Amino acid sequence: MIIRDVIVTPIAFRDPPLLNAAGLHEPLALRSVVRLVVDGGIVGLGEGGGGQQLIRGLEAAGPAVVGKSVFDLNGIEAAINAVLGGGDDALARRDRRAVFSPIEVAAHDAQGKILGLPVSTLLGGAVRDRVPYSAYLFYKWAAHPDPVTGEIGEPDAWGEAVTPEGIVRQARTLIDRYGFESIKLKAGVFPPDEEIAAIRALAEAFPGYPLRIDPNGAWSIETAERVGRELGSILEYFEDPVLGLDGMSEVRARTGLPLATNMCVVAFEHVREAVEKDSVQIILGDHHYWGGLRRTRELGAICETFGIGMSMHSNSHLGISLAAMTHVAAATPTLTYACDTHYPWNREDDIVRPGALEITGGAIAVPTGPGLGVELDEDALERQHRVYLDSAQRDRDDAGYIRRFQPAFDPQLPRF
Ligand code: GKR
Ligand code: MG
């Protein structure tokens, strides 16, 4: 079963004005779709990040894997690494793994289609038939500002969320719609006391719900210590309160809270130091940069070895990624926390046919059909590719976007 062609399609899709420590989400989010065309007309699907570096990497990787067996994942990875070259440090390796990932996912999808087996079975078998996700809350402007005047007009369907009341309202919408049973707040946007008040308001409105707060390293150690002490036992875990393994280790020592990260442990090469320094108690895996589904499963085994918990990171994404996340989460016993997903924010522009991945009761039933269990909507893919081509956007720039409306915005962290 030989790979005969690799088709890389950059896409763009609508994204609401979500705030984070880096700035503001632009009106379009970028991703890439990979199609591996294998003997017998089988097409495997993969989804990766957007951005020019990744697209260039995927385009370079494609010809290197043509002619390989779709079952030879090690050979495919070696061929990609050889063609990409680059350094040997953790971040260079992470960048190569980000190129390998959507191809590896597409290879798994093709393998599953050939064998008539779901991807979770190829990964060792689903240990859960439903994968829980968390309600991922964002501070949010009412709508994207007019690009010329900067005026914010009529609110979009989500409305504004810049106060504790607005955040509770947003949580209510997401929970009513999807039945989520745990909540994450993207923080690092407003002064910490306002964000503490938002978490308290959520705790009151949704008693017993596990709550997480993630300021993406926007706080100093002192601020993180104070927030940690004030919120303490309300939190399920405290995600990236500060930057770096040393800072995280200090916050852990001062607060005793379980710290989670998708920022300071983003490659296997970081795990050893994190363990030695007791910097993190939960790693948010993400197959998009840990090197695909098998590597994420391997990360689960490493976490188990060191008694580290595992959750899952998300970025703006569509349904191929959601399917891949669901299969790997189902097949990773250590991944016991509800996964993050941005999907509710972006699903209207999905490029897979509806129906296969519904979030109900806060969870997604693991698809049982062959491969990832999702079907590409070719027209939708073409539509979102056209959106990409027609836009000038080629890389994500949250800071540049917010500066158009708030010229004094300084992305330097820590901010508070
Ligand atoms: O989409 O604004 C966002 C998030 O802040 C994202 O970029 C982060 O990578 O969700 C992520 C996180 O958990 O840090
Ligand atoms: Mg995070």
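Residues numbered from 1 in each chain as written. Chains lettered and ligands numbered in written order. Predicted model: local features only at pLDDT ≥ 70, side-chain atom pairs only at ≥ 80, totals over all residues. Heavy atoms only, no water.

Domain parsing of the protein chain yields domain 1 (3–117 + 378–390) and domain 2 (122–365). In this structure, domain 1 and domain 2 have C-alpha centres spaced 23 Å apart. Counting across the interface, domain 1 meets domain 2 through five salt bridges. The shortest N-O distance in the salt bridge between Arg295 and Glu77 comes to 3.0 Å. The interface formed by domain 1 and domain 2 holds 19 residue pairs in polar contact (both at pLDDT 80 or more) in total. Sorting the residues of the side of domain 1 that touches domain 2 by element identifies strand S1 (3–14), strand S2 (19–20), strand S4 (28–38), strand S5 (42–49), helix H2 (73–84), helix H3 (90–115) and helix H14 (378–390) as the ones contributing at least two each. With 14 residues, the top contributor of residues to the side of domain 1 that touches domain 2 is H3. (Domains from an automatic or database assignment. Salt bridge = Lys/Arg side-chain N within 4 Å of Asp/Glu carboxyl O. Polar contact = N/O pair within 3.5 Å; in protein donor to acceptor, adjacent residues only side chain to side chain. Helix = DSSP H or I, 4+ residues; strand = E, 2+ residues; numbered from the N terminus.)

Another aspect to go through is helix H11 (residues 293–305). End to end, H11 covers 19 Å across 13 residues, agreeing with the expected 18 Å (1.5 Å per residue, within 8%). Among the structural elements, H3, helix H4 (119–122), strand S12 (282–285), helix H10 (287–290), strand S13 (309–312) and helix H12 (319–330) are those in contact with the buried residues of H11. Where H11 ends, the next residue or the one after it, Gly307, has phi of about 65°, a positive value. (Expected span 1.5 Å × (residues − 1). Contact = heavy atoms within 4.5 Å.)

Our focus in this paragraph is unusual backbone geometry. At the junction of Leu413 and Pro414, the peptide bond is cis and its omega measures out at 0° in the coordinates. Tracing the backbone shows Pro414 in the segment after helix H15 (398–403). At Asp240, a position not held by glycine, the phi torsion is positive, near 40°. Structurally, the position occupied by Asp240 is in the loop between strand S10 (235–239) and helix H8 (245–255).

The next thing to look at is the site of ligand 1. The local shell around ligand 1 holds 15 residues, among which Asn20, His25, Tyr136, Asn216 and His342 are the closest. Between ligand 1 and the protein, one listed contact pairs an oxygen atom with a side-chain N or O atom of His25 at 2.7 Å. A distance of 3.2 Å separates an oxygen atom of ligand 1 from a polar side-chain atom of Arg396. Notes on ligand 1: free accessible area 340 Å², of which the protein chains cover 93%. Contributions of two or more residues to the shell around ligand 1 are made by strand S7 (135–138) and strand S8 (183–186). Split into classes, the residues belonging to the shell around ligand 1 amount to two nonpolar, eight polar and five charged. (Near = heavy atom within 4 Å. Areas by Shrake-Rupley, 256 points an atom, 1.4 Å probe, with all protein chains shown as cover. Nonpolar A, V, L, I, M, F, W, Y, C, P; charged D, E, K, R; others polar.)

On to the packing of aromatic side chains. With the rule as written, the count across this model stands at eleven aromatic pairs. Their ring planes at 90° and their centres at 6.0 Å tell us that Phe138 and Trp345 sit as a pair that is edge-to-face. In this pair, Phe138 is assigned in strand S7 and Trp345 in helix H13 (residues 343–346), connecting sequence segments 207 residues apart. For Phe138, a relative accessible area of 1% puts it in the buried group. Classification of Trp345 as buried rests on a relative accessible area of 5%. (Phe/Tyr/Trp six-rings, centres within 6.5 Å; stacked < 30°, edge-to-face > 60°. Buried < 20%, exposed > 50% of the residue type's maximum accessible area, 1.4 Å probe, protein only.)

This part covers helix H1 (residues 52–65). Counting along an α-helix, one turn takes 3.6 residues, and residues three or four places apart therefore face a common direction. Between its terminal C-alpha atoms H1 stretches 20 Å, which fits the 20 Å expected from 14 residues at 1.5 Å a residue. Looking only at H1, the buried set comprises Leu54, Ile55, Gly57, Leu58, Ala61, Gly62 and Val65. Buried residues of H1 fall within an arc of 155° about the axis and therefore sit on the same side. Exposed residues lying more than 90 degrees from the buried face of H1 are Gln53, Arg56 and Pro63. Packed against the buried residues of H1 are S1, S4, S5, H2 and H3. Looking one or two residues beyond H1, the residue adopting positive phi is Gly67, at roughly 100°. (Arc of directions from axis to C-beta.)

Let's shift gears to the sheet that holds strand S14 (residues 359–360). The strand order S6-S15-S14 describes an open sheet built from three strands, whose pairing is antiparallel. The open sheet terminates on both sides in strands that have one partner only, identified here as strand S6 (130–132) and S14. Summarising the sheet, S6 and strand S15 (residues 363–365) pair through three bridges and their orientation is antiparallel. Bridging across to S15, Arg130 finds its partner in Ala365. (Pairing = 2+ DSSP bridges.)

The next point concerns the environment of Asp156. Relative to the helices and strands, Asp156 resides in the loop between S7 and helix H5 (164–178). Taking C-alpha positions, Asp156 is 38 Å from Gly247, a pair spaced 91 residues apart along the chain. With sequence-adjacent residues up to four places away left out, Asp156 is seen in contact with Pro16, Pro17, Lys140, Ala142 and Ala143. A polar contact is formed between the side chain of Asp156 and the backbone nitrogen of Gly159, at a distance of 2.9 Å.

It is worth spelling out the packing of helix H6 (residues 192–205) against helix H7 (residues 221–231) at this point. Interhelical geometry of H6 versus H7 gives an angle of 25° and a closest axis separation of 11 Å. With respect to H7, the element H6 is oriented roughly parallel. The interaxial crossing formed by H6 with H7 has right-handed handedness. Contact residues: H6 offers Pro192, Asp193, Ile196, Ile199 and Arg200, while H7 offers Thr223, Arg226, Val227, Glu230 and Leu231. Class assignment for the residues of the contact of H6 with H7 results in five nonpolar, one polar and four charged. (Axes fitted to C-alpha atoms, helices over the stretch in contact; angles between N-to-C directions. Parallel < 35°, antiparallel > 145°, perpendicular 65-115°, else oblique. Left-handed = near helix turned anticlockwise from the far one by under 90°.)

What follows concerns the pairing of S5. Looking along a regular strand, one sees side chains alternate from face to face of the sheet. In terms of burial, S5 is largely enclosed, as six of its eight residues are buried. Two elements, S4 and S5, share eight bridges in a ladder whose sense is antiparallel. Counterpart to Val33 in the pairing with S5 is Glu47. The loop that links S4 with its antiparallel partner S5 comprises three residues; one of these, Gly40, has a positive phi angle of about 85°.

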